Amino acid sequence: MINRRYLKIIFITFLSTAFPSQANSEMTNIEFFHATTDKINSMKLSQASKDDILLFGDSITQGLNHNDIAFDHTNLGIGGDTVSKILERVKATDISNYKGVYFFGGVNDILNGRSGADISNDISDAINYIAPKVKDLYVSEVFIPNQKAVFINGGGLDAINANIASYCERFINCHLIALPEGLTTNKVLKPEMSISDG
């Protein structure tokens, strides 16, 4: 029988080699979070089934309750990611080996002040890259997750979501996921549907 001390040594050794050491580097907290989450996602991906739908996105995707998802999936969301960062992660993954891809992004782009036109173009790039490589692509409409009004230069949420629908229509395997009724008011998440970020 393996004793507890031996298990502790194995666990500590695993942690020291599996995750970046913040003490031994000059990583910011954000860089450390992303590196650690990326390592965790690599471990999840190594255990994913070919029948899984890979979920790519930001903190909204990362925070999904997997108990409420009624299909086989591997959640690869990383909080704080922009559309371009999410697409970088998609490109680093052999997505053709899985049942499909779910893609959600744009919130952090909006919160960082990017224009609606730029966000639409980035999501178009994602759809154009992903759709030819997978059996099914599921793309969610964008919404604003907090109660504060956010001004979007170069086209608001309706324009962004109309562009997403237009891009998705170009591919027979691209499925637009519209926001459920009752979730938002004017594409802003209702307060009772959210928790404060702090």
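Residues numbered from 1 in each chain as written. Predicted model: local features only at pLDDT ≥ 70, side-chain atom pairs only at ≥ 80, totals over all residues. Heavy atoms only, no water.

Chemist: Sorry if this is basic, but what is going on with the pattern of salt bridges here?
Modeler: Between side chains of opposite charge, pairing is possible as soon as their charged atoms come close. Overall, the coordinates contain 5 salt bridges when judged by the stated rule. Among the salt bridges present, the one from aspartate 118 reaches arginine 114, with a minimum N-O distance of 4.0 Å. On the basis of relative accessibility, which here comes to 36%, the residue aspartate 118 falls in the partly exposed class. Overall, the relative accessible area of 26% leaves arginine 114 in the partly exposed class. Residues participating in the shared-partner salt-bridge network are Asp109, Arg114, Asp118 and Asp122. (Salt bridge = Lys/Arg side-chain N within 4 Å of Asp/Glu carboxyl O. Buried < 20%, exposed > 50% of the residue type's maximum accessible area, 1.4 Å probe, protein only.)

Chemist: Honestly, the packing of aromatic side chains in this entry has me stumped. Any pointers?
Modeler: Describing an aromatic ring pair means giving the distance of the ring centres and the angle of the ring planes. Taken as a whole and judged by the stated rule, the model has 1 aromatic pair. Note that lysine 91 overlies the ring of tyrosine 129, its terminal NZ or CZ placed 5.3 Å from the centroid. (Phe/Tyr/Trp six-rings, centres within 6.5 Å; stacked < 30°, edge-to-face > 60°. Lys NZ or Arg CZ within 6 Å of the ring centre and 35° of its normal.)

Chemist: Looking at this structure, I do not really get the packing of helix H4 (residues 83-91) against helix H6 (residues 116-130). What am I missing?
Modeler: Look at H4 against H6: their axes get within 9 Å of each other, and the N-to-C directions meet at 15°. Taken together, the axes of H4 and H6 lie roughly parallel to each other. The handedness of the crossing between H4 and H6 is left-handed. On the side of H4, the interface is formed by Val83, Ser84, Leu87, Val90 and Lys91, while H6 contributes Asp122, Ile123, Asp125, Ala126, Tyr129 and Ile130. For the contact of H4 with H6, the per-class residue count stands at 7 nonpolar, 1 polar and 3 charged. (Axes fitted to C-alpha atoms, helices over the stretch in contact; angles between N-to-C directions. Helix = DSSP H or I, 4+ residues; strand = E, 2+ residues; numbered from the N terminus. Parallel < 35°, antiparallel > 145°, perpendicular 65-115°, else oblique. Left-handed = near helix turned anticlockwise from the far one by under 90°. Contact = heavy atoms within 4.5 Å. Nonpolar A, V, L, I, M, F, W, Y, C, P; charged D, E, K, R; others polar.)

So, to be careful, I would describe these as geometric facts and stop short of saying anything about function.
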